[in-house]
Amino acid sequence: MQIGFIGLGKMGAGMARNLSVRFPVKVYDTRPEAVQELVEAGARAAGSAAEAAEGADIVVTMLPGPQEIESVMLQEGGAAAALGTGAIWIDASSSSLDAMEQVKKAYPDAGWTALDAPVTGGVPGASAGTLQFFVGGERRDYDRAFDVLSTMGDPKRIVHVGGQGTGYTVKLCLNLGFFLHVIAGAEVLALGTKAGVDLGVLHEALTHSGASSAFLENDAAQSLFAGDYKEYFRLALVLKDIRLAVDLGRSVGVPLEVSALVEQIHRRALLTYGDGGQLLAVRQLEETAGVSLRHTGS
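Read on for an overview of the structure.

**Looking at the overall build of the protein**
- Secondary structure assignment for the protein yields 13 helices and nine strands.
- At 20 Å, the protein has a C-alpha radius of gyration in line with the 19 Å of a compact globule built from 298 residues.
- For the protein, the spread of C-alpha atoms along the principal axes amounts to about 65 × 45 × 35 Å.
- Of the contacts made within the protein by residues no fewer than 6 positions apart, 65% connect residues no fewer than 24 positions apart.

**Digging into the pairing of strand E9 (residues 153-162)**
- Of the pairings in the sheet, the one linking strand E8 (residues 131-136) to E9 comprises five bridges and is parallel in character. Pairing of Phe134 across the sheet is with Val159, part of E9.
- Crossover connection from E8 via helix H7 (residues 139-152) to parallel E9: handedness right-handed.

**Topic: the environment of Ala281**
- For Ala281, the location among the structural elements is in helix H13 (residues 280-289).
- Sequence spacing of Ala281 and Ala126 is 155 residues, and the spatial spacing of their C-alpha atoms is 25 Å.
- Leaving out residues up to four positions away in the same chain, Ala281 has contacts with Ile183, Ile265, His266 and Ala269.

**Some points on the pairing of E8**
- Counting buried residues along E8, six of its six residues qualify, which places the element largely inside the surrounding structure.
- Of the two faces of E8, the one lined by Leu131, Phe133 and Val135 and the one lined by Gln132, Phe134 and Gly136 are each fully buried.
- Pairing of strand E7 (residues 119-120) with E8 involves two bridges; the strand directions are antiparallel. Counted as the bridge partner of Thr120 is Gln132 from E8.

**Brief notes about the pattern of salt bridges**
- The final tally for this structure, using the stated rule, is twelve salt bridges.
- Among the salt bridges present, the one from Lys240 reaches Asp241, with a minimum N-O distance of 2.7 Å.
- Of the residues examined, Lys240 reaches a relative accessible area of 11% and is grouped as buried.
- For Asp241, a relative accessible area of 2% corresponds to the buried category.
- Taken together, the salt bridges that share partners define one network made up of Arg243, Asp247 and Arg250.

**Quick word on the packing of aromatic side chains**
- This model, assessed by the stated rule, comprises four aromatic pairs.
- With centroids separated by 6.1 Å and ring planes inclined at 75 degrees, the aromatic side chains of Trp89 and Trp112 adopt a geometry described as edge-to-face. Here Trp89, found in strand E5 (residues 88-91), pairs with Trp112, found in the loop between helix H5 (97-106) and strand E6 (113-116); they are 23 residues apart in sequence, far enough to count as distant. The same class applies to Trp89 as to Trp112, namely buried.
- Geometrically, the ring pair formed by Phe178 and Phe179 is edge-to-face, given 5.0 Å between the ring centres and 80 degrees between the ring planes. Note on accessibility: Phe178 and Phe179 belong to one class, buried.

**A short note on the nonpolar core**
- In this structure, Phe5, Met15, Val27, Ile90, Phe133, Leu149 and Met152 are the most contacted members of the largest nonpolar core, which totals 34 residues.
- Broken down by secondary-structure element, the contributors of at least two residues to this core are strand E1 (3-6), helix H1 (10-22), strand E2 (25-28), helix H2 (32-40), strand E4 (58-61), E5, E8 and H7.
- Residue contacts for Phe5: discarding those within four places in its chain leaves Gly12, Met15, Ala16, Leu19, Val25, Lys26, Val27, Tyr28, Val60, Met62 and Met152.

**Focus on the side chain of Glu263**
- By the secondary structure assignment, Glu263 is in helix H12 (residues 257-273).
- By relative accessible area, which is 9% here, Glu263 ends up buried.
- Ignoring anything within four residues of it in the chain, the contact list for Glu263 reads Leu239, Ile242, Arg243 and Val246.

**Some thoughts on unusual backbone geometry**
- Not every positive phi belongs to a glycine, and Lys230 is a case in point at roughly 60 degrees.
- Relative to the elements of secondary structure, Lys230 occurs in the loop between helix H10 (214-222) and helix H11 (235-252).
- The buried category is assigned to Lys230, whose relative accessible area is 10%.

Scoring rules and cut-offs
- Residues numbered from 1 in each chain as written.
- Predicted model: local features only at pLDDT ≥ 70, side-chain atom pairs only at ≥ 80, totals over all residues.
- Heavy atoms only, no water.
- Helix = DSSP H or I, 4+ residues; strand = E, 2+ residues; numbered from the N terminus.
- Rg over C-alpha atoms; globule rule 2.2 N^0.38 Å.
- Contact = heavy atoms within 4.5 Å.
- Pairing = 2+ DSSP bridges.
- Right-handed = clockwise from strand over helix to strand, strands pointing away.
- Buried < 20%, exposed > 50% of the residue type's maximum accessible area, 1.4 Å probe, protein only.
- Salt bridge = Lys/Arg side-chain N within 4 Å of Asp/Glu carboxyl O.
- Phe/Tyr/Trp six-rings, centres within 6.5 Å; stacked < 30°, edge-to-face > 60°.
- Core = buried A, V, L, I, M, F, W, Y, C linked by side-chain atoms within 4.5 Å.

Read these as layout, nothing more, since geometry by itself doesn't imply function.
The following block contains the structure:
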C-alpha cells in the first residue's frame, strides 16, 4: 500500500514517521527541513502536495485548519487533482466539514473518497503511535483505512463515529469541552487561592468532588502548577477550534453563550501574549487576579 502524507508539523511528523516504518510513504511539507527529517527516517520526499498524492492508495493530511486544507488540496499543484480512482483521503486535522465539502465539490466525479479523522493524544501520542481517531465517513472506507490508522494510533481507540463530518464534530466537541473546563477550573482555583485557601488543599477538595474535571486532575497538577502553559500546542490553534465549534453551533441552531465568551477570553490572551502555549488564558487570569497558581506538593 502506497501512502502520501502532507503536513509535517509537531503532530504530523510523528504520525508520518510511524507510517514509514510499515508502509512506503511519500511526504510533503512547505518546510524542506521537515521533509528531510522524514527522509532520514525512511520516507521519500515529494516536491509538492500533488506529488505526494500521485499513485497513493491513501493520502493523510495533518494541517492547521480549513484554510490550509483548501490550499493544499485545491490550489494549483494541489493533492485533490492527483488522487486516483479508489484512493482515500484521510484528513486528520481539526477542521470543519465545509472545507472537506469544498474539495469534494471541486472534483465530484474523481472516483476517490474521504474520511474526516481528527485525533487526540497530542505530540506524545503522535510520536508513540497511540493516538485516538474519531472517524467520519463510509464504513467501508473506514475498514479499508484501519491498518493505516492503527499504525498511527491505538487500535482500540480508533472509532467510527458516523457519516461524513461526524469525526470533525466529535473532535470540536471534545476540544470545546476541555477549554470550557480550563476556564472554569482556573477561575475556581484563582477564587479560592485569592480568598486564602492553600492551593494544594483546594485542588484536593475540587478533584474529589462533582467540580472535578480532566483539566483539574491532569493538566493543572502536571503542567500549570509547575508554570508550564503547555507550549507544544499553540494558542492560535485553540482559538481556531473554539471558533469552529461556535460556528457549528450557529449553523445547527444551538446557542453557545458560554462558549462564545470562552472564545473571547482566548482571543484576548492571544492578543496579549502572542501565539504561545494553550493555557495562556489561565496566565491572563492569574495576572488580572493577582494570584499565582503554583504548587510543588504531591
